[in-house]
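Structure at a glance
Here's the letter readout for the chains.
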Amino acid sequence: MSIGENYRRVLEEVAAQCEKAHRDPSDVLLLAVSKTVGLDGVKQALDAGAANFGENRLEQLQEKYAAFPQVNWHFIGNIQSRRIKDIVPCAHLIHSLFEERHAQKISDAAMSLDKVQRVLVEVNVSGEASKSGLDPHETKGFIQEISHLPNVEVCGLMTMAPQGDLQVAHECFSDLKLLKDDVAKSLSAEKRAAFAELSMGMSEDWREAIECGSTIVRIGRAIFSDDFAC
Ligand SMILES: *Cc1c(COP(=O)(O)O)cnc(C)c1O
């Protein structure tokens, strides 16, 4: 199967899973995570209709943003403090914020571009040492702390589930949804309206994520890899 065919198949499957979960397919964004392919791979997905792409490395984000500025580029990787000024000009949405000093720098960089940077706060729901993100208990306080920054808009939460056990992934996603609802209650009406996204679910566990309320599924291998069996 080609990248274009894969993209269209995953898009159909996502819509079918939404119906099954009694959700509106237009409430779930399929983010094509293109980190393993070059410009040609991006072009193939773009021609099949993809309009949102995710990258976890700055160099790739910059190169692909320059080639295809008409689509939305999401930054889903580790944030390095000194690279923030380069991430912000390219990023439609940053999924991986969990440090206050980074939030401050993002706001400063966005201000100099006359932009409000949309961000998601990454939460380490599973507590695995290998995963980054905030402790769930720190999340509400963190969002409170950064709420005064003028050029950052907190649009929701992101997590990565442990791999290999879909039951565990399901619990992880369901916990993030509960946390989002809890945090939302602590926000002003205006900030609550913006706090709408749950970025959760990847190639192996996006079905569970949609059942639990995901609004952004981040899919790499199921679209861009030849040998991903789904
Ligand atoms: C690579 C990556 C994905 C996509 O993973 P697949 O298993 O290939 O679908 C999603 N989110 C993040 C943060 C990633 O780094």
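Everything that follows concerns the structure shown earlier in this document.
Residues numbered from 1 in each chain as written. Predicted model: local features only at pLDDT ≥ 70, side-chain atom pairs only at ≥ 80, totals over all residues. Heavy atoms only, no water.

**A closer look at the layout of surface pockets**
The condition that has to hold: A 1.4 Å probe that fits into a set of points on a 1 Å grid over the protein atoms alone but cannot get out defines a cavity; an open set with protein on both sides within 12 Å along at least five of seven lines defines a pocket, and lining residues are those with an atom within 4 Å of a point. Grid points are joined across faces, edges and corners, and a volume is the space filled by probe spheres set on the points. Amino acids outside the nonpolar list (Ala, Val, Leu, Ile, Met, Phe, Trp, Tyr, Cys, Pro) and the charged list (Asp, Glu, Lys, Arg) are all regarded as polar, and Gly is one of them.
Size it by volume and the largest pocket reaches roughly 370 Å³. When grouped by side-chain class, the residues that make up the lining of the largest pocket number 6 nonpolar, 9 polar and 5 charged. The computed volume of the second largest pocket comes to approximately 240 Å³. Forming the boundary of the second largest pocket are 14 residues, of which V152, E153, V154, K191 and A194 lie nearest the centre.

**Concerning the state of the cysteines**
For clarity, the cut-off: Only a pair of cysteine sulfur atoms within 2.5 Å qualifies as a disulfide here.
In the structure shown here, the tally under the stated rule is 0 disulfides. Left without a disulfide partner, C18 is nearest to the cysteine sulfur of C212, which lies 13 Å away. Distance from the sulfur of C155, which forms no disulfide, to the nearest cysteine sulfur (C90) is 18 Å.

**Brief notes about the nonpolar core**
Which entries qualify depends on this criterion: The definition of a nonpolar core used throughout is a set of buried Ala, Val, Leu, Ile, Met, Phe, Trp, Tyr and Cys residues joined through side-chain atoms within 4.5 Å. Working definition: with a 1.4 Å probe on protein chains only, accessible area under 20% of the residue-type maximum means buried, over 50% means exposed, and in between means partly exposed. Note on contacts: a residue pair is in contact if any heavy atoms of the two residues lie within 4.5 Å.
In terms of nonpolar packing, the biggest core is built from 67 residues, with F53, I94, I106, I143, L157 and I223 touching the most fellow members. Once residues lying within four places of it in the same chain are set aside, the contact partners of I223 are I3, N6, Y7, V10, L30 and A32. In terms of nonpolar packing, the next biggest core, distinct from the first, is built from 8 residues, V33, L120, C155 and M158 among them.

**Comments concerning the site of the ligand**
As a reminder, the rule being used: Throughout, the term near means that a residue has one or more heavy atoms lying within 4 Å of the molecule or strand in question. In protein, a polar contact requires one atom able to donate a hydrogen and another able to accept it; more generally it is a pair of N or O atoms within 3.5 Å, and residues adjacent in sequence count only if both atoms are side-chain atoms. The method behind every accessible area is Shrake-Rupley, applied with a 1.4 Å probe, and residues are considered shielded solely by the protein chains displayed.
Around the ligand sit V33, K35, I76, M160, M202, S203, R218, I219, G220 and R221, and that is every residue in its neighbourhood. At 2.8 Å, a side-chain N or O of R218 approaches a nitrogen atom of the ligand. Within the side chain of R221, one N or O atom sits 2.8 Å away from an oxygen atom of the ligand. Compared with its free state, where it exposes 390 Å², the ligand has 92% of that area covered by protein. Of the residues in the shell around the ligand, the class split is 5 nonpolar, 2 polar and 3 charged.

**Quick look at helix α3 (residues 58–67)**
Cut-off, in case you're wondering: Elements are defined by DSSP. Helices are runs of H or I of four residues or more, strands are runs of E of two residues or more, and each kind is numbered from the N terminus. For this quantity, the arc is that covered by the directions from the helix axis to the C-beta atoms.
All of the buried residues along α3 are L58, L61 and K64. For α3, the arc enclosing every buried residue in end-on projection is 140°, short of the 170-degree limit, so these residues lie on one face. Taken together, the buried residues of α3 touch α2 (39–47), β2 (52–55), β3 (72–75) and α4 (84–87).

**Brief notes about the pattern of salt bridges**
Applied cut-off: Here, a salt bridge means any Lys or Arg side-chain nitrogen found within 4 Å of an Asp or Glu carboxyl oxygen.
Under the criterion given, the structure shown has 12 salt bridges. E13 serves as the salt-bridge partner of R207, at 3.3 Å between the closest nitrogen and oxygen. Here R207 is found in helix α9 (residues 206–211), whereas its partner E13 is found in helix α1 (residues 3–20), with 194 residues between them in sequence. The exposure class assigned to R207 is partly exposed, which follows from its relative accessible area of 30%. With a relative accessible area of 25%, E13 lands in the partly exposed category.

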